[in-house]
Amino acid sequence: MARMKFICDAERCIECNGCVTACKNEHEVPWGVNRRRVVTINDGVPGERSMSVACMHCSDAPCMAVCPVDCFYRTDEGVVLHDKDLCIGCGYCFYACPFGAPQFPQAGAFGLRGKMDKCTFCAGGPEKNASEDEFRKYGRNRLAEGKLPLCAEVCSTKALLGGDADVLADIYRQRVTTRGKGADIWGWSTAYGKPDAPAQQPEAGGKS
Amino acid sequence: MRRLTGSVLVAAVALSLVGCGEHEQVVVYKQGQYQGKPDTKPWDNESFAGDRAQWEATIKARNQSQNEYRRING
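**Concerning helix α6 (residues 165-179) of chain A**
Owing to its 3.6 residues per turn, the α-helix aligns residues three or four sequence positions apart on the same side.
Residue and element names in this part refer to chain A.
Inference 1: With 15 residues, α6 should cover 21 Å at 1.5 Å per step; its first-to-last C-alpha distance of 21 Å lies within 8% of that length.
Inference 2: Within α6, the full set of buried residues consists of Ala165, Val167, Leu168, Ile171, Tyr172, Arg175, Val176, Thr177 and Thr178.
Inference 3: Count one or two residues on from α6 and you reach glycine 180, which has phi positive near 85 degrees.

This is the structure in structure tokens:
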């Protein structure tokens, strides 16, 4: 069974916001709600880096842990979803999430919050697949159509990858070995071995 | 007379317990357990007709299209 994940390659992201636009258009996300956004670190400074961020569908999701009405669930594919019919819009998940993924539409005057909205990995929600109710509440269900999240599929530089974690790790590993650098990034030694003894040496004269 | 009193007592107890048999009218929240509607599998639709293997194969092929080294060289 696939374990669905996103990964964003900061070496490739050009801050075009194509992923953000594609997501908003695909799911007809209301004004003020951004399921995905591009964050730039050291903006304007040489060497700045951009990252596309949304719900990371955590294996040990803090939002699930803090939800007082237990409206979150994880599918067999590892996608973290929630039932909007149960959500009370309390905002606990927003404070718990390290990625700022949960979004709250303004439901009325005086700062009244609506039900939480977040990236669904284009997997809809607990309503019937491809139904009108599912689209209205959660957006399009691309996974049920045999497709991957649009943000990743539309990415022009393929900085943002989405899909089965094992396949993504293979793609990223090939990139890093071809690129000849990247073994010093955080978590690399844990996942792929020590930097001084990498699992696979970069190819001589590899493409960039 | 004694029998009548006993019957009245039993009836009174039964009547007073009727309220206890009322079912919950609201969702009962249990800590750490999903309380919402069950979700359907992504392969439970017209396109895949419940064929999980076909869905997984489709997703796997789609996944590989994100690898431009493979796309260009292959």
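**Concerning the packing of aromatic side chains**
All names here are of chain A.
Inference 1: In total, this model carries four aromatic pairs over all chains according to the counting rule given.
Inference 2: The lysine or arginine in question, arginine 36, covers the ring of phenylalanine 6, its NZ or CZ lying 4.5 Å from the ring centre.
Inference 3: Note that arginine 113 overlies the ring of phenylalanine 104, its terminal NZ or CZ placed 5.3 Å from the centroid.

**Topic: helix α1 (residues 2-18) of chain B**
Inference 1: Over its 17 residues, α1(B) runs 25 Å from end to end, which matches the ideal 24 Å to within 8%, given 1.5 Å per residue.
Inference 2: Taking burial as the measure, the 17 residues of α1(B) include zero buried ones, a minor fraction of the element.

**Quick word on the confidence of the model for chain A**
Inference 1: Mean pLDDT over chain A stands at 86; residues scoring 70 or higher make up 86%.
Inference 2: Here helix α7 (residues 188-192) of chain A is the element of chain A with the lowest mean pLDDT, 54, and helix α1 (residues 18-27) of chain A is the one with the highest, 97.

Cut-offs and rules
- Residues numbered from 1 in each chain as written.
- Chains lettered and ligands numbered in written order.
- Predicted model: local features only at pLDDT ≥ 70, side-chain atom pairs only at ≥ 80, totals over all residues.
- Heavy atoms only, no water.
- Helix = DSSP H or I, 4+ residues; strand = E, 2+ residues; numbered from the N terminus.
- Expected span 1.5 Å × (residues − 1).
- Buried < 20%, exposed > 50% of the residue type's maximum accessible area, 1.4 Å probe, protein only.
- Phe/Tyr/Trp six-rings, centres within 6.5 Å; stacked < 30°, edge-to-face > 60°.
- Lys NZ or Arg CZ within 6 Å of the ring centre and 35° of its normal.
- pLDDT = per-residue confidence, 0-100.

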